Amino acid sequence: MIRGLIFDLDGVIVDTAKYHFLAWKKLCDQLGFKFDINDNELLKGVSRVRSFEIILDINGQKMSEEKIQKYCTIKNKIYLEYINRLTEDELLPGVKDFMTKARDKGYKTAIGSASKNSLLILERLHIHEMFDAIIDGNKVSNAKPDPEVFVKAAQELGLQNSECIVFEDSVAGIVAAHNGGMKAIGVGNAEVQSYCDYFIKGFSNIDECVLIKKAEGE
Ligand code: BG6
Ligand code: MG
């Protein structure tokens, strides 16, 4: 029986991909690197350092660990300029309503995200209190598709993995959920459709009980 709902953050609760893009783009322009909106797709669900390594690969470049850290820090400073201006209006449609109803029905809720900025983003959106557990990039050592982030979220909720269902917009995240023995609901990004157990375009007008039954194949 499903008792816990674990949500990825970026792309599921809020569309931060555009801000990640603007920040990476600004850094790449400074470095004289190519980086476009299609390249940005490759970075969804991917850690900050791994994102920069992908950008280096695209540009046929190599850098020391030290320099990679330096540029990731610069990128994050630019990114935070956008995040500090984030408002509640940027919550994806239907999210708050869905979450409220699910919690009223007794489901526990958690965040399972690669982002080290998760707490700040949740606070900016005024929804941090709607989660019983928040597992973010600061609390895990293995990136999705490793299931660590979701397994830790289930543990913090006091539930078995099989009692939790994951909401994800990235293929790596769907695979991570499956690797942890959890069902995965794909959200928004059509690319995940062939990987997830059930797909929704977004949370508007979605009944959580019906959704969970469908994802469980009932
Ligand atoms: C993921 C995003 O949620 O978090 C990635 O999909 C991002 O695009 C990653 O790179 C790490 O985020 P942050 O905020 O720690 O740089
Ligand atoms: Mg995501």
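Residues numbered from 1 in each chain as written. Chains lettered and ligands numbered in written order. Predicted model: local features only at pLDDT ≥ 70, side-chain atom pairs only at ≥ 80, totals over all residues. Heavy atoms only, no water.

Looking at the site of ligand 1
Step number 1: Residues in contact with ligand 1 amount to 15 residues; listed here are only the nearest, D10, V46, S115, K116 and N117.
Step number 2: Contact distances for ligand 1 include 2.6 Å between an oxygen atom and a backbone N or O atom of V46.
Step number 3: A distance of 2.7 Å separates an oxygen atom of ligand 1 from a polar atom in the side chain of S115.
Step number 4: Protein burial of ligand 1: of its 390 Å² of free accessible surface, 95% is covered by the chains.
Step number 5: In the shell around ligand 1, the residues fall into 4 nonpolar, 7 polar and 4 charged.
Step number 6: Among the domains, domain 1 (4-15 + 88-215) and domain 2 (17-83) are the pair contributing at least three residues each to the shell around ligand 1. (Near = heavy atom within 4 Å. Polar contact = N/O pair within 3.5 Å; in protein donor to acceptor, adjacent residues only side chain to side chain. Areas by Shrake-Rupley, 256 points an atom, 1.4 Å probe, with all protein chains shown as cover. Nonpolar A, V, L, I, M, F, W, Y, C, P; charged D, E, K, R; others polar. Domains from an automatic or database assignment.)

Thoughts on the environment of D169
Step number 1: Residue placement: D169 occurs in the loop between β4 (164-168) and α8 (171-179).
Step number 2: We classify D169 as buried; its relative accessible area is 7%.
Step number 3: Taking the C-alpha atoms as reference points, D169 and F199, separated by 30 residues in sequence, lie 9.7 Å from one another.
Step number 4: In contact with D169, not counting residues within four places along its chain, are D8, D10, G11, V12, K44, V187, N189 and V192. (Helix = DSSP H or I, 4+ residues; strand = E, 2+ residues; numbered from the N terminus. Buried < 20%, exposed > 50% of the residue type's maximum accessible area, 1.4 Å probe, protein only. Contact = heavy atoms within 4.5 Å.)

Regarding the side chain of N40
Step number 1: Position of N40 relative to the elements: it lies in helix α2 (residues 37-41).
Step number 2: Classification of N40 as buried rests on a relative accessible area of 5%.
Step number 3: Within the structure, the side chain of N40 is placed 3.3 Å from the backbone oxygen of A17, a separation counted as a polar contact.
Step number 4: For N40, the residues in contact, after removing those within four places along its chain, are A17, H20, F21, W24 and F35.

A few points about the domain arrangement of the chain
Step number 1: You can read the domains of the chain as domain 1 (4-15 + 88-215) and domain 2 (17-83).
Step number 2: The distance between the C-alpha centroids of domain 1 and domain 2 comes to 24 Å.
Step number 3: Listed as interface residues are 12 residues of domain 1 and, on the opposing side, 12 residues of domain 2.
Step number 4: With both sides pooled, the region where domain 1 packs onto domain 2 buries about 1100 Å², and carbon together with sulfur makes up 46% of that total. (Buried area = accessible area lost by both parts, 1.4 Å probe.)

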